[in-house]
Amino acid sequence: GVGYPQLSAIIECADAAHGLGGHIIGDGGITCPGDAAKAFGAGADFIMCGGMFAGHDEAAGELIERGGKKYKLFYGMSSSTAMDKHAGGVAEYRSSEGKTVEVPYKGPVADTIRDLLGGLRSSCTYVGARTLKEMQGRTTFVRVTQQLNPVFGTHDMSKDIKAKQAGG
């Protein structure tokens, strides 16, 4: 990649692409429902959620157990792992850009999908959109410099998933 933030790229390209009958894909960085809502609000027609879905039962990747904890291997499609598996290796004129990493095992994907859909429904309600397509025309972005609310912390779904797995 060239290091351009996805939200900025979507905002800058959506009107031109849609004006020509094209589509925009939010490709990368979607880790929670709020990221998905921002991508659709900025003008994305589709989103890529590989990292968000990685580690679930339904995701590809070898399940590994180490030190009493479970992990699944996850690799991006521009990684050498993917190119070896699907294209016979990294082409001579290319280099691999993605990584192969171990992500915590998350169990069935149903809860993550339910959270994603619930977050998108809430976001539509907040901006007054009846559909995801309407979100772009109804969303206003404001630059915020503080990234963490020290009183309430982050919206980390992995804690909820771990608690459910532990029977909590």
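Cut-offs applied
- Residues numbered from 1 in each chain as written.
- Predicted model: local features only at pLDDT ≥ 70, side-chain atom pairs only at ≥ 80, totals over all residues.
- Heavy atoms only, no water.
- Helix = DSSP H or I, 4+ residues; strand = E, 2+ residues; numbered from the N terminus.
- Buried < 20%, exposed > 50% of the residue type's maximum accessible area, 1.4 Å probe, protein only.
- Contact = heavy atoms within 4.5 Å.
- Areas by Shrake-Rupley, 256 points an atom, 1.4 Å probe, with all protein chains shown as cover.
- Core = buried A, V, L, I, M, F, W, Y, C linked by side-chain atoms within 4.5 Å.
- Polar contact = N/O pair within 3.5 Å; in protein donor to acceptor, adjacent residues only side chain to side chain.
- 1 Å grid on protein atoms, 1.4 Å probe; cavity = no way out; pocket = protein on both sides within 12 Å on 5 of 7 lines; lining within 4 Å.
- Points joined across faces, edges and corners; volume = space filled by probe spheres on them.
- Nonpolar A, V, L, I, M, F, W, Y, C, P; charged D, E, K, R; others polar.
- Patch = residues over 30% accessible without salt bridge, like charges linked within 9 Å, V, L, I, M, F, W, Y side chains within 5 Å.
- Salt bridge = Lys/Arg side-chain N within 4 Å of Asp/Glu carboxyl O.

## A short note on the overall build of the protein
Reasoning step 1: The secondary structure content of the protein amounts to seven helices and five strands.
Reasoning step 2: Ordered by position from N to C terminus, the α and β elements of the protein give α-β-α-β-α-β-β-α-β-α-α-α.
Reasoning step 3: Taken across its 168 residues, the protein has 26% of its residues classed as buried.
Reasoning step 4: Nonlocal contacts in the protein, meaning residues at least 24 apart in sequence, comprise 51% of its contacts between residues at least 6 apart.
Reasoning step 5: Approximately 11,300 Å² of the protein is accessible, and the part contributed by carbon and sulfur atoms is 56%.

## Structural notes on the nonpolar core
Reasoning step 1: Ranked by size, the top nonpolar core spans 19 residues in total, and within it Ile30 and Ile47 carry the most contacts.
Reasoning step 2: Residue assignment for this core shows that the elements contributing at least two residues are helix 1 (6–19), helix 2 (33–42) and helix 5 (110–127).
Reasoning step 3: Contacts of Ile47, omitting those with residues within four sequence positions, involve Gly26, Ile30, Ala36, Ala39 and Phe40.

## Looking at the side chain of Asp45
Reasoning step 1: Positionally, Asp45 belongs in the loop between helix 2 and strand 2 (46–48).
Reasoning step 2: Note on Asp45: relative accessible area 16%, which makes it buried.
Reasoning step 3: At 2.7 Å, the side chain of Asp45 and the side chain of His18 are in polar contact.
Reasoning step 4: Look past the residues within four positions of Asp45 in its chain and what remains in contact with it is His18, Gly22, His23, Ile24, Phe40 and Lys133.

## Considering the layout of surface pockets
Reasoning step 1: The volume enclosed by the second largest pocket comes to roughly 920 Å³.
Reasoning step 2: Residue assignment for the lining of the second largest pocket shows that the elements contributing at least two residues are helix 3 (50–53), strand 4 (69–75) and strand 5 (100–104).
Reasoning step 3: Examining the composition of the lining of the second largest pocket, we find that four residues originate from one element, helix 3, more than from any other.
Reasoning step 4: Looking at the lining of the second largest pocket residue by residue, the class counts come to 16 nonpolar, twelve polar and two charged.

## Description of the environment of Pro33
Reasoning step 1: Mapping Pro33 onto the fold places it in helix 2.
Reasoning step 2: With 19 residues separating them along the chain, Pro33 and Met52 place their C-alpha atoms 9.5 Å apart.

## Overview of the environment of Gly51
Reasoning step 1: Mapped onto the fold, Gly51 is located in helix 3.
Reasoning step 2: Exposure remark for Gly51: the relative accessible area of 42% places this residue in the partly exposed category.
Reasoning step 3: Spatially, the C-alpha atom of Gly51 lies 7.3 Å from that of Ile30, the residues being 21 residues apart in sequence.

## Structural notes on a nonpolar patch on the surface
Reasoning step 1: On the surface, Leu7, Ile11 and Phe141 cluster together into a nonpolar patch covering about 230 Å² of accessible area.
Reasoning step 2: Within the fold, Leu7 resides in helix 1.

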